[in-house]
Amino acid sequence: MAAAAFAPLLVLGTLRAALGAGTAREVSMEYNPGWNSSSVNLLHVRAVGPRDTLHYIWSSIGAPTVLLVATKSRTSALHINWTQLLSPSPTGAIWIEPPSSVVSSAAVVFTKVFEYSQSQSLEELFYPTYDLSGFSWENTNHTLNHTALTAEFTGVPATDPAGSFSNGSLTFRVTAYEAGGRDRLLPSLLHTANSSKVEFVLAGVAPQGNSSRFSLEVATVEEVGAVRVLRSARSIDDEYTPTIFEMLSLAAESQNDSSTLSFLQWKATAYGSRSPRREDGIQCRSQGLQAANWTLPGSSLVLAYFGEGLGSTYTVSAINISFGGEDGEVYQEKRYLSWSALLGFGQPPRDTFSSLVISIVAMALGTPLLMLLVGSCVVLFEQRKQYSEYEPIN
């Protein structure tokens, strides 16, 4: 099953050759394939390229999870043993056929949401944690848009003693892409056909304290021979996301040749509005990547594909991504938080200088040079003019 599906790292060249940033894909979405009940949510996004297929399997069975599987076949297919998947022992319930076509596999799990505030002594006060494996999720099929290639996983805690979610919800909004481009809304992420987007949204959730801030725990699972690395890239300001100078990525890299297999990428900002503007920005920090040698509680999808080798055969890492300024007032006032990230295969998209920035730099550097050139021409012209006013001596 899943354990036999991992291809050797020798075929990584196949992945790099097959994944073209400019390649368009045929994308389809299928809800609960082979299962007629809506009591659970599983969404299969299949993106077929000229020589390969990318599979994104999203689910809220247990903690919200996405499996990322790249294959070197245009006809590779997802198979699910639903009875086994929904049982207490889901190992081997999900696999890709043919197993030999699998080139790269990984998983991203959104495990917990922490809420905390900071006292005058700078100590952090934590409130009861929201364990996402214990949430009750709405029917994702009702939000599935086959034209826009979007879907939403919206949930609330199964038990909510404080009543924080009485008028609110937590949502993971999924978007698939057929080709490269750039999102219209901030943070205007640049994407390729080899990536998808997930947007984490808290809407209407009542804070448990004054000036509360939130943090999302994200766990990753890597196959044999791969390791997850946190990287930060800084650049000068750009027109697409004003004032945001940092792009972060969690890249799964081959230990043999350091090539990137898959990634999770985001800009260091979140927003406090449904139609975000620059002034709606919320500070975003990443609190270090740590090895997590523990099994993922409630992650049925991960166990179903990777099996029982988590923490030993397969590596598990975790990172906390926190949102909020020094006082947390942005969320307190609007009770809305949105954070977007790309995930996909191969190298993460890299922003280049926009035409506006290039024009400004060209003007800044070219204007003094042009003035110097014109000035030199004027001086030479005046010198020749003065010399021509003298009559030649016979």
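What you are looking at is a predicted structure, and each value in this text was computed from that prediction instead of being measured.

Peer 1: How should I be thinking about the overall build of the protein in this particular structure?
Peer 2: Counting its secondary structure elements, the protein contains five helices and 23 strands. By residue count, 52% of the 394 residues in the protein fall in the buried class. Long-range pairs, those at least 24 residues apart, make up 66% of the contacts in the protein between residues at least 6 apart in sequence. Working note: accessible area of the protein is about 18700 Å², and carbon and sulfur atoms make up 54% of it.

Peer 1: Would you take a moment to explain unusual backbone geometry for this structure?
Peer 2: Peptide bonds are mostly trans, and most non-glycine residues show a negative phi. For the peptide bond that leads from Glu97 to Pro98, omega is -10°, which places it in the cis range. As for its position among the elements, Pro98 is in the loop between β6 (94-97) and β7 (102-118). Here Asn32, not a glycine, exhibits a phi torsion of approximately 45°, which is positive. Summarising the element assignment, Asn32 is placed in the loop between β1 (26-31) and β2 (42-48). For Asn32, a relative accessible area of 2% corresponds to the buried category. Positive phi, close to 50°, is recorded for Arg335, a residue that is not glycine.

Peer 1: Could you clarify how one ought to interpret the packing of aromatic side chains in this entry?
Peer 2: Each aromatic ring pair is characterised by the separation of its centres together with the angle its planes make. Following the criterion strictly, the structure yields 16 aromatic pairs and no others. When the ring of Phe200 is compared with that of Phe323, the centres are 6.0 Å apart and the planes differ by 25°; the resulting orientation is stacked. Here the residue Phe200 occupies a position in strand β15 (residues 195-203), and Phe323 occupies one in strand β22 (residues 315-323), the gap between them amounting to 123 residues. In this structure, Phe200 and Phe323 share a single accessibility class: buried. Ring centres of Phe214 and Tyr331 lie 5.0 Å apart, and the angle between their planes is 70°; this geometry places the pair in the edge-to-face category. Here Tyr331 lies in helix α4 (residues 329-334) and Phe214 lies in strand β16 (residues 213-222), a separation of 117 residues in the sequence.

Peer 1: In this structure, what is going on with the pairing of β22? I would like to understand it.
Peer 2: As a general feature of sheets, a regular strand has side chains that alternate between the two faces. For β22, the tally of buried residues reaches seven of nine residues, placing the bulk of the element in the interior. Taken together, the nine bridges between β16 and β22 define a ladder with antiparallel strand orientation. Bridged to Val218 within β22 is Ile319. As defined by bridge partners, strand β21 (residues 281-291) adjoins β22 across six bridges and the pair is classed as antiparallel. Its bridge partner lying in β22, Ser286 is registered against Ile321.

Peer 1: So what exactly am I meant to see when it comes to the nonpolar core here?
Peer 2: Proteins that are soluble and globular tend to have nonpolar side chains buried together. If you look at the biggest cluster of nonpolar residues, it comprises 52 residues, and the most contacted ones within it are Trp58, Leu170, Phe200, Trp266, Phe323 and Trp339. The dominant element in this core, judged by the number of residues it contributes, is strand β23 (residues 336-345), at five residues. Phe200 has contacts with Val113, Leu170, Thr171, Phe172, Leu216, Phe323, Leu337, Ser338 and Trp339, leaving out every residue within four places of it along the chain. Grouped together as the second largest cluster of nonpolar side chains are 28 residues, Leu78, Ala107, Val221 and Ala292 included.

Peer 1: Sorry if this is basic, but what is going on with the pattern of salt bridges here?
Peer 2: Oppositely charged side chains may form a pair once their charged atoms are brought near each other. Within the structure shown, the criterion is met by ten salt bridges. Arg277 serves as the salt-bridge partner of Asp280, at 3.4 Å between the closest nitrogen and oxygen. Taking the relative accessible area as the measure of exposure, Asp280 reaches 1% and is therefore buried. You can call Arg277 partly exposed: its relative accessible area is 46%. Each of the salt bridges in this network shares a partner with another, and the network as a whole consists of Arg277, Glu279, Asp280 and Lys334.

Peer 1: Before we go on, may I ask you to explain the environment of Gly168 in this structure?
Peer 2: Along the chain, Gly168 falls in the loop between β11 (150-157) and β12 (169-176). Residues Gly168 and Ala203, 35 residues apart in the sequence, show an inter-C-alpha distance of 5.4 Å.

Peer 1: Would you mind showing me how to read the side chain of Asp52 here?
Peer 2: With respect to the helices and strands, the residue Asp52 is situated in the loop between β2 and β3 (53-59). Overall, the relative accessible area of 1% leaves Asp52 in the buried class. Side-chain polar atoms of Asp52 contact the side chain of Arg25, separated by 3.0 Å.

Peer 1: Even after reading the chapter, I still don't get the confidence of the model for the protein, so can you show me in this structure?
Peer 2: It should be kept in mind that the predicted coordinates are not to be read in detail where pLDDT is low. Put simply, the protein has an average pLDDT of 86, and 81% of its residues get 70 or more. A low-confidence stretch, residues 1-11 stays under pLDDT 50, and its non-local contacts, those more than four residues away or across chains, total 26 contacts.

Peer 1: What should I look at first to understand the environment of Ser117 in this one?
Peer 2: The residue Ser117 is located in strand β7 in this model. Among the residues examined, Ser117 registers a relative accessible area of 8% and is labelled buried. A sequence separation of 97 residues divides Ser117 from Phe214, and the C-alpha atoms of the two residues are 8.7 Å apart. Apart from residues no more than four positions distant in its own chain, Ser117 is found in contact with Glu123, Glu124, Leu125, Tyr127, Asn210 and Ser211.

About the cut-offs
- Residues numbered from 1 in each chain as written.
- Predicted model: local features only at pLDDT ≥ 70, side-chain atom pairs only at ≥ 80, totals over all residues.
- Heavy atoms only, no water.
- Helix = DSSP H or I, 4+ residues; strand = E, 2+ residues; numbered from the N terminus.
- Buried < 20%, exposed > 50% of the residue type's maximum accessible area, 1.4 Å probe, protein only.
- Contact = heavy atoms within 4.5 Å.
- Areas by Shrake-Rupley, 256 points an atom, 1.4 Å probe, with all protein chains shown as cover.
- Phe/Tyr/Trp six-rings, centres within 6.5 Å; stacked < 30°, edge-to-face > 60°.
- Pairing = 2+ DSSP bridges.
- Core = buried A, V, L, I, M, F, W, Y, C linked by side-chain atoms within 4.5 Å.
- Salt bridge = Lys/Arg side-chain N within 4 Å of Asp/Glu carboxyl O.
- Polar contact = N/O pair within 3.5 Å; in protein donor to acceptor, adjacent residues only side chain to side chain.
- pLDDT = per-residue confidence, 0-100.

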